[in-house]
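# Architecture at a glance
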Amino acid sequence: MDYFLTEEQQMIVDIARRIAQEKIKPIREHYDETEEFPWEILKEIAQADLCGLYIEPEYEGMGAGILSLILAVEEIAKVDGGIALCVAGTALGTLPLVLYGSPEQKKKYLPNIAKGKSLAAFGLTEPMAGSDAGAMKTTAVLKNNAYVLNGTKCFITNAGEAEVYTVFAVTNPTKGIRGLTCFVLEKGMPGFTFGKKEKKMGIRASPTRELIFQDCVVPKENVVGREGQGFIVAMKTLFSSRPGVAAQALGIAGGALDEAIAYARKREQFGQPIINFQAIQHMLADMATEVEAARCLLYFTCKGIDKDMSKVEKFAKESAMSKLFCSDTAMKVTTNAVQIFGGYGYSREYPVEKMMRDAKITQIYEGTNQVQRNEIALALIKEAAAKGL
Amino acid sequence: MEIVVLIKQVPETTDVKINPETNTLVREGVKSIINPFDEYAIEEGLRLRERAGGTVTTITMGPPQAEQALRESIALGVNNAVLLTDRAFAGADTLATSYTLAMAIKKLPKVDLIICGKQAVDGDTAQVGPGVAEKLDIPHVSYVRKIDKADATGLTVERMMEDGSDIIDLPLPCLITVVKEINTPRLPSLKGKIAAKKAVVTKWTAADILADIKKLGMAGSPTQVKKVFSPPPRKGGENICGEPEEQAKLLVQKLKELQVI
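Notes on the structure follow. (Residues numbered from 1 in each chain as written. Chains lettered and ligands numbered in written order. Predicted model: local features only at pLDDT ≥ 70, side-chain atom pairs only at ≥ 80, totals over all residues. Heavy atoms only, no water.)

### Structural notes on the overall build of chain B
Selection rule: Strands are runs of DSSP state E lasting at least two residues, helices are runs of H or I lasting at least four, and both sets are numbered from the N terminus onward. Buried residues are those whose accessible area, probed at 1.4 Å on protein chains only, stays under 20% of the maximum for their type, while exposed residues exceed 50% and partly exposed ones sit between those limits. Only heavy atoms enter the contact rule, under which two residues are in contact if any of them lie within 4.5 Å. When charges are counted, neither His nor the chain ends are considered; positive counts come from Lys and Arg and negative counts from Asp and Glu. Each charge is placed at NZ for Lys, CZ for Arg, CG for Asp and CD for Glu.
The number of helices and strands found in chain B is 6 helices and 11 strands. Projecting the C-alpha coordinates of chain B onto the three principal axes gives extents of approximately 70 × 45 × 40 Å. Relative to its 261 residues, chain B shows a buried fraction of 44%. A fraction of 69% describes how many contacts in chain B between residues 6 or more apart in sequence connect residues 24 or more apart. Treating the 34 positive side-chain charges of chain B as one cloud and the 34 negative ones as another, the clouds have centres 5 Å apart.

The following block contains the structure:
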């Protein structure tokens, strides 16, 4: 379908597609098997100017908005959902600075992220605070004009490889979610170390580790936004970043669909290509329809967000819908792709089993799909109440 | 270092189709790309510029649509691009092409190094690079697989040979043609693509490069393609299977049949 992309957006798609097809496709299995960090690929992505798409030009980004970011993430994810996450995960870690950073913070951190010299990570989740972010235990206590952080974050994408970390901690335990504050930290700060690396089902090119803070002293000027504003910073970041996960999911689904069509045309049974069978045709038709519907929802949500990113909360519902629908589609489409491949689909010889493993996480992180449904329902209730229904 | 890279726009196919009546390439319905070997030449030019400073200029001779190839080179990071286009250039063989490119290079204020791909994938002659060097009366080395040293005094290059490589010093200005072993070409960047769209491509005609009209195009081409054909595909060899004794017997029998023994 023609989405009437601008010339610049089409360039982004073309560039990302070439990187994905020419540079990532030949080596994706290697990163899946070894779980090494794909620095070599990130260098290509940086050199192509795709790291700073959503960062303002005054901080050396392209100022091209969220839609441009998700176009790039989608193309990369068609080939490797894990490598796509290195880009999307950096965007997640950077968005608090884009949305709430002071000019000094932006000047200090954004240019290197835009140039691909540093990656970023987002530290919200804790062992006992997943969907329930308010149950956070990491504390930040103000002492001598600096905050002292103590606690552990878990499941942090890009941890260990990133230079810049936006981290959330409790500054006032009596105030619940209004007592949270966002900080920007740098790798190598005394008292800031990394814990165990998770062994995951999928997205294995993307590292997931713990962040450990032991009396980590963070200067006051590293507060992102204001003290106590952390929950709002986190929420607005997630409204803007969920399209990134959606794009990753959509890319995985699109990649699996392409593989399934190509395989069904080649694979012969009963003396003919299996794509001649209506059973296969109908599966492919459903998969293609779901992918296209997911793409429509996501692209239009991004167009809305790009109109005025400071009012991203207006798109909280659509952002959640995009993440929910794209990730559910990714799971369904990859499962069906494996089915079409039959026994070969279950084998690591073919790429669809990896796609199915990679797809699962998109239903879980950056808010489980159950949490997305809560978000959508909450918006429906608010809308109805506003209309006095 | 002021670097010129000579490029050619070619059809994107390894299976070049020839019109049997005119003996020319069939271009209809085939996408045009930068000759793949020239991408290595552009990449090497850009890497030298990154090390030693200066500029990289791409030049191509061709029909107006060859401008697209030059814009693609700008997307990769090239500073300037020159399109040599004139009806008088049409039908040029490698001699006339070398002359035309050499005249264009002479028009540039300063050129230290000229880089070409080892050959174009459509014509496959590998003659134009060396031809340009001869017309300019400067030294050249073809089939370069590595530049060991490049500074104001000259170049040290490794030439790929069938039985190893030659290490050759040559002074500036000079010309080299490169093989694909020399580097891995970069992909275009977003800023590059945006720049390529806005860039002004210089266009020169025969008059602009002060060329002798008799040495251009068909008129300046002493060679003409009479016939183009694909060589018959080579048949695979025969595999002699079985126990060693049987194999030996069969082999001797075959050799006798062929009257080798």
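On we go from here.
### A look at the nonpolar core
Just so we agree on the cut-off: Nonpolar core, defined: a set of buried Ala, Val, Leu, Ile, Met, Phe, Trp, Tyr and Cys residues in which side-chain atoms within 4.5 Å join the residues together.
Within the largest apolar cluster, 128 residues are counted, with the highest numbers of intra-cluster contacts made by Ile45, Leu50, Tyr54, Leu149, Phe183, Leu185 and Leu298 of chain A. Residues contacting Leu149 of chain A, with those up to four places away along its chain left out, are Thr139, Ala140, Val167, Ala169, Phe183, Leu185, Phe213, Gln214, Asp215, Cys216 and Val218 of chain A. Leu46, Ala150, Ile168 and Ile176 of chain B belong to the second largest nonpolar core, which has 36 residues in total.

### Some words on the packing of helix H8 (residues 278-307) of chain A against helix H9 (residues 316-341) of chain A
Residue and element names in this part refer to chain A. Just so we agree on the cut-off: The convention used is that axes are lines fitted to C-alpha atoms, helices contributing only their stretch in contact, and that angles between N-to-C directions extend from 0 to 180 degrees. Oblique is the label for any angle not covered by the other classes, which are roughly parallel (under 35 degrees), roughly antiparallel (over 145) and roughly perpendicular (65 to 115). Handedness of a helix crossing follows the sense of rotation of the near helix relative to the far helix, less than a right angle counterclockwise being left-handed and clockwise being right-handed. Basically, the charged four are Asp, Glu, Lys and Arg, the nonpolar ten are Ala, Val, Leu, Ile, Met, Phe, Trp, Tyr, Cys and Pro, and anything else, Gly included, counts as polar.
Axis separation between H8 and H9 bottoms out at 9 Å; the angle between their running directions is 160°. It follows that H8 is roughly antiparallel to H9 by the angle criterion. Remark: the crossing between H8 and H9 carries left-handed chirality. Residues that form the contact of H8 with H9 fall into these classes: 15 nonpolar, 6 polar and 3 charged.

### Things to note about helix H10 (residues 352-362) of chain A
Residues separated by three or four positions in an α-helix point in the same direction, a consequence of the helix having 3.6 residues per turn. Residue and element names in this part refer to chain A. Burial within H10 is extensive, with 8 of its 11 residues counted as buried. Val352, Glu353, Lys354, Met355, Arg357, Asp358, Ala359 and Thr362 are the residues of H10 that are buried. Where the residues of H10 are buried, they touch helix H2 (28-34), helix H4 (65-79), helix H5 (81-100), helix H7 (230-266), H9 and helix H11 (369-386).

### Section: the packing of aromatic side chains
Residue and element names in this part refer to chain A. The line we're drawing: Two rings belonging to Phe, Tyr or Trp (six-membered ring only in the last case) form a pair when the distance between their centres is within 6.5 Å. Interplanar angles under 30 degrees mark stacking, angles over 60 mark edge-to-face geometry, and anything in between is tilted.
Counting across every chain of the model gives 13 aromatic pairs over all chains. Judged by centre distance (5.0 Å) and plane angle (90°), the rings of Tyr165 and Phe192 are edge-to-face. With Tyr165 in strand S4 (residues 164-170) and Phe192 in strand S6 (residues 192-197), this pair connects stretches of sequence that are 27 residues apart. Three or more aromatic residues joined by ring pairs make a cluster, and in this case those are Tyr165, Phe192, Phe194 and Phe213.

### Topic: the pairing of strand S6 (residues 113-117) of chain B
Residue and element names in this part refer to chain B. Note the cut-off: At least two bridges found by DSSP between two strands are what make those strands a pair.
Most of S6 is tucked away: 5 of the 5 residues are buried. The two faces of S6 match: Leu113, Ile115 and Gly117 on one face and Ile114 and Cys116 on the other face are all buried. With 4 bridges connecting them, strand S1 (residues 2-6) and S6 associate as parallel partners. Bridge pairing links Val4 to Ile114 in S6. Inspection of the sheet shows S6 paired to strand S10 (residues 174-178) by 5 bridges, in the parallel sense. When the bridges of S10 are listed, Ile114 appears paired with Leu175.

### A short note on the interface of chain B and chain A
Many descriptions give the size of an interface as the accessible area lost when the pieces come together. Worth spelling out the cut-off: For any pair of parts, buried area is found by adding up, for both, the accessible area (1.4 Å probe) each one loses once the two are put together. The salt bridge definition used is simple: a Lys or Arg side-chain nitrogen within 4 Å of an Asp or Glu carboxyl oxygen. What qualifies as a polar contact is a pair of N or O atoms within 3.5 Å, subject to a donor-acceptor requirement within protein and to the restriction that residues adjacent in sequence count only when both atoms come from side chains.
Between chain B and chain A, the contact holds 12 residues from the first and 16 residues from the second. At the boundary of chain B with chain A, total buried surface from both sides reaches about 1300 Å², with 67% on carbon and sulfur atoms. Where chain B packs against chain A, one counts 1 salt bridge. A salt bridge links Glu7 of chain A to Lys197 of chain B, with the nearest nitrogen and oxygen atoms 3.4 Å apart. Our count for the contact surface shared by chain B and chain A stands at 5 residue pairs in polar contact (both at pLDDT 80 or more). Tallied by class, residues from the side of chain B that touches chain A come to 5 nonpolar, 3 polar and 4 charged.

### Here we look at the side chain of Glu43 of chain B
Residues and elements named next belong to chain B. Structurally, the position occupied by Glu43 is in helix H1 (residues 36-52). Residue classification places Glu43 among the buried positions, given a relative accessible area of 4%. Side-chain polar atoms of Glu43 contact the side chain of Arg47, separated by 2.7 Å. Discounting chain neighbours no more than four positions away, the residues touching Glu43 are Asn183, Thr184, Pro185 and Arg186.

### Let's talk about the pattern of salt bridges
With the rule as written, the count across this model stands at 39 salt bridges over all chains. Taking the shortest distance from any N to any O, the salt bridge between Lys236 of chain A and Glu313 of chain A comes out at 3.1 Å. With a gap of 77 residues between them, Lys236 of chain A in helix H7 and Glu313 of chain A in the loop between H8 and H9 connect regions that are remote in the sequence. The exposure class assigned to Glu313 of chain A is partly exposed, which follows from its relative accessible area of 37%. Between Asp212 of chain B and Lys214 of chain B there is a salt bridge, with the nearest N and O atoms lying 3.7 Å from each other. When its relative accessible area of 28% is taken as the criterion, Asp212 of chain B is described as partly exposed.

### Points about the pairing of strand S7 (residues 140-151) of chain B
All names here are of chain B. Looking at chain direction, S7 and S10 are connected through 3 bridges and run parallel. Bridging from a neighbouring strand, Val141 pairs with Ile176 of S10. Sheet topology note: the S7/strand S8 (residues 154-161) ladder contains 6 bridges and is antiparallel. Within the sheet, the bridge partner assigned to Val144 lies in S8 and is Arg159. Where S7 folds back on S8, the antiparallel hairpin that results is connected by 2 residues.

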